[in-house]
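Structural characterization, general
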Amino acid sequence: MYVVKSPLSDENLKTVSEALQGALVDLVDLSLVAKQIHWNVVGQRFRSVHLQLDEVVTLARTHTDTVAERAAALGVSPDGRAATVAVGSGIGVTPEGWVDDTAAVSAMVDALGAVIARMRERVDATGEPDPVSQDLLIAVTGDLEKQHWMFQAENG
């Protein structure tokens, strides 16, 4: 079997691969959480919240692919399987059933906040061992923070 060789030292690769794998897991789960809430949101702001949730899904899925491909480029096999995501995500429990628009927005503020906090730790961890991966994680974090701001503004 062909194995991709990383340009990073083993020590640096371990740090970077953990950061990328953690980011992958959080982004996969964020896309699932946003889609789950998207399907179940109700209320006066249904349409705007419904559409905003799809923006998060698209953003998370796009960044998921970028993060996974960066890991693969470094010789690390990305793991986005459901079981891996279930045990590794930093996002709390998603509301079950119909979700009032205000509660939906609050749930997304919490989910995005949790992912952003972990992403910022990964940004710090990857700065020295791999600025290329750090740059990727900075871009992801910036996009997530924009969505976090927009959801916070929804509930005032």
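Just so it is clear, the model here is predicted, and its values are computed rather than measured. (Residues numbered from 1 in each chain as written. Predicted model: local features only at pLDDT ≥ 70, side-chain atom pairs only at ≥ 80, totals over all residues. Heavy atoms only, no water.)

1. Brief notes about the nonpolar core
- One finds Leu30, Met108 and Leu144 to be the most contacted residues of the largest nonpolar core, which totals 45 residues.
- Broken down by element, the residue count for this core peaks at 13 residues, all from helix α1 (residues 10-40). (Core = buried A, V, L, I, M, F, W, Y, C linked by side-chain atoms within 4.5 Å. Buried < 20%, exposed > 50% of the residue type's maximum accessible area, 1.4 Å probe, protein only. Helix = DSSP H or I, 4+ residues; strand = E, 2+ residues; numbered from the N terminus.)

2. So, helix α4 (residues 101-126)
- Across its 26 residues, α4 extends 37 Å between first and last C-alpha, which sits within 8% of the 38 Å expected from 1.5 Å per residue.
- Two or three places before Thr102, at the start of α4, stands the capping residue Asp100, its side-chain oxygen 2.9 Å from that residue's backbone nitrogen. (Expected span 1.5 Å × (residues − 1). Polar contact = N/O pair within 3.5 Å; in protein donor to acceptor, adjacent residues only side chain to side chain.)

3. A short note on the UniProt feature "domain: Ferritin/DPS" (unreviewed entry) in the protein
- UniProt records the feature "domain: Ferritin/DPS" (unreviewed entry) for residues 18-153 in the present numbering.
- Segment residues 18-153 splits into 79% helix and 3% strand. End C-alpha atoms: 33 Å apart. (UniProt positions renumbered as here; feature names shortened; annotations may be inferred.)

4. What to know about the packing of α1 against α4
- As a packed pair, α1 and α4 sit with axes 10 Å apart at the nearest point and diverge in direction by 170 degrees. Considering the angle they form, α1 stands roughly antiparallel to α4. On the side of α1, the interface is formed by Thr15, Val16, Ala19, Gly22, Ala23, Asp26, Leu27, Leu30, Val33, Ala34 and Ile37, while α4 contributes Ala104, Ala107, Met108, Ala111, Leu112, Val115, Arg118, Met119, Arg122, Ala125 and Thr126.
- Taken together, the residues that form the contact of α1 with α4 break down as 16 nonpolar, 3 polar and 3 charged. (Axes fitted to C-alpha atoms, helices over the stretch in contact; angles between N-to-C directions. Parallel < 35°, antiparallel > 145°, perpendicular 65-115°, else oblique. Contact = heavy atoms within 4.5 Å. Nonpolar A, V, L, I, M, F, W, Y, C, P; charged D, E, K, R; others polar.)

5. Notes on the pattern of salt bridges
- Overall, the coordinates contain 9 salt bridges when judged by the stated rule.
- One salt bridge in this structure joins Asp130 and Arg70, with 2.9 Å as the shortest N-O distance. Here Asp130 is found in the loop between α4 and α5 (131-155), whereas its partner Arg70 is found in helix α2 (residues 46-73), with 60 residues between them in sequence. An identical accessibility class is assigned to Asp130 and Arg70; each is buried.
- Arg120 is the partner of Glu145 in a salt bridge, and the nearest nitrogen-oxygen pair spans 2.7 Å. Pair noted here: Glu145 is in helix α5 and Arg120 is in helix α4, with a separation of 25 residues, a long-range link. (Salt bridge = Lys/Arg side-chain N within 4 Å of Asp/Glu carboxyl O.)

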